[in-house]
Amino acid sequence: PGRLSRDRQTDLCAVCHSNAMLNRGPAFRYRPGEPLDAHFKTLKIEHSEEDHLANQTKYMMQSRCYQNSEILTCTTCHNPHRPRSATNAGTASCRKCHESAECGEQGRLPAELKGRCVDCHMPQFDKMQVAFRTKEDAYIPPAKRWEHRIGVYPAARDEVLWTWHRAQPEAQSRDEAARLAQVLAEHWLSAAEGQRREYRFLAAINSYRQAERFDSQVRTREKLAEVIEIQTQLDDHWSLALRQLSEQRFADSTATLLEMLKLKPNHAGAHGRLGMLYAVNQQRDLATEHLQAVERY
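Presented here is a report on the structure given in the accompanying data block. All of these numbers come straight from a predicted model, not from anything done at the bench.

### Details of the environment of Arg149
Its location among the elements puts Arg149 in the loop between β4 (144–146) and α7 (154–166). We classify Arg149 as partly exposed; its relative accessible area is 32%. Every residue in contact with Arg149, bar those within four places of it in the chain, is listed here: Tyr59, Met60, Gln62, Ser63 and His121.

### Considering the packing of helix α12 (residues 268–280) against helix α13 (residues 284–296)
Here α12 crosses α13 at 155 degrees, and the two axes come no closer than 8 Å. As judged from the angle between their axes, α12 and α13 are roughly antiparallel. At the point where α12 passes α13, the crossing takes the left-handed sense. Side by side, α12 and α13 meet where Ala268, His271, Gly272, Leu274, Gly275, Met276, Tyr278 and Ala279 of the first sit next to Leu286, Ala287, His290, Leu291, Ala293 and Val294 of the second. By residue class, the composition of the contact of α12 with α13 is ten nonpolar, four polar and no charged.

### Topic: the nonpolar core
Across soluble globular proteins, you tend to see nonpolar side chains buried next to one another. Counting residues in each nonpolar core, the largest one holds 24 residues, and the members touching the most others are Tyr139, Ile205, Tyr208, Leu224, Val227, Ile228 and Leu257. Elements with a contribution of two residues or more to this core: α9 (201–214), α10 (218–246), α11 (250–263) and α12. For this core, the leading source of residues is α10, giving seven residues. Residues within four places of Tyr208 in sequence aside, it is in contact with Leu189, Ala192, Glu193, Arg196, Thr220, Lys223, Leu224 and Val227. Within the second largest apolar cluster, 16 residues are counted, among which are Leu109, Leu161, Trp162 and Trp188.

### Looking at the pattern of salt bridges
Counted by the stated rule, this structure contains 19 salt bridges. Arg108 serves as the salt-bridge partner of Glu105, at 3.5 Å between the closest nitrogen and oxygen. Assessed through its relative accessible area of 43%, Arg108 is described here as partly exposed. Of the charged contacts, one joins Glu259 and Lys262 as a salt bridge, the two residues approaching to 2.9 Å between their closest N and O atoms.

Thresholds applied
- Throughout, residues of each chain are indexed from 1 in the direction in which the sequence is written.
- The predicted nature of this model means local features are confined to residues of pLDDT at least 70 and side-chain atom pairs, given and counted, to a pLDDT of 80 or more, with totals for whole chains, interfaces and linings taken over all residues.
- As a rule here, side-chain values cover all heavy atoms of the structure and leave hydrogens and water aside.
- A run of H or I in DSSP counts as a helix once it spans at least four residues, and a run of E counts as a strand once it spans at least two, with each numbered from the N terminus.
- Throughout this description, buried means an accessible area under 20% of the type-specific maximum (1.4 Å probe, protein chains only), exposed means over 50%, and partly exposed covers the range between.
- Only heavy atoms matter for contacts: two residues are in contact if any of them lie within 4.5 Å across the pair.
- Only C-alpha atoms enter the line fits that serve as axes; for helices the fit covers just the stretch in contact. Angles between N-to-C directions range over 0 to 180 degrees.
- For classification purposes, angles smaller than 35 degrees are called roughly parallel, those larger than 145 roughly antiparallel, those between 65 and 115 roughly perpendicular, and all remaining angles oblique.
- Note on convention: near helix rotated counterclockwise from far helix by under a right angle means a left-handed crossing. Clockwise means right-handed.
- Gly is put with the polar residues, along with every residue not named as nonpolar or charged; the nonpolar set is Ala, Val, Leu, Ile, Met, Phe, Trp, Tyr, Cys and Pro, and the charged set is Asp, Glu, Lys and Arg.
- To form a nonpolar core, buried Ala, Val, Leu, Ile, Met, Phe, Trp, Tyr and Cys residues must be joined to one another through side-chain atoms within 4.5 Å.
- Counted as salt bridges are all cases of a side-chain nitrogen of Lys or Arg within 4 Å of a carboxyl oxygen of Asp or Glu.

So, in structure tokens, the structure goes:
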């Protein structure tokens, strides 16, 4: 594999680390060195909470580190045969290409934080498309992933500083930790409100949870409960609509899907099933309207 071109090396990692999940032909026909697109259709996902997998290859290729290099691949930073560590997909990997002095934050960072490149430039975040329901709560993500769109993330930097200042005994550090907590709470509340307006309820759930970590207010918990209830209704309606379809209860399924679109007008799956139902029922104009919505969303 090390002798493959960069694109083919990336394809090899993307077999598992992307949204390439729909077979174009018989299973197990892909071989390293062949174009992945010849064997799999890759889902085009707009937002990370909709990814099927972590989709690291997509985000890596969107980063300037990848675009400004002709040789960078996944294995530039990772040895896939060894566990992640400071010398494997950690700071040492960053320093293959970058010097610490290039970081514009070096002057304001405490000495203990100056080598933690990954925490600021590839922060961990919750993998919301994998979530559990418990007796007390819902949409709890059990796993985090590293952001592979390598870049500048002010909120990640502020959280690293917040964590450090909280652990210091000086009053000045406590004051700075309080200030950063307020900045981070406002950041995540603003993100949640924006995501909610875009009907990105899974993302909003996570953002409200993040805001609550820094400033636990009753209003934040109430908004979190509201968006959890909306996402629960969406998931319940989707399961019901698919069951109604399988039982050929087409009128019932149509009604359920229309209820879904009241909650999330940009739900491509609901539009797709409605387009099919209207087409089968010879309602061409309605079928066209919903199938065009699939392409749009």
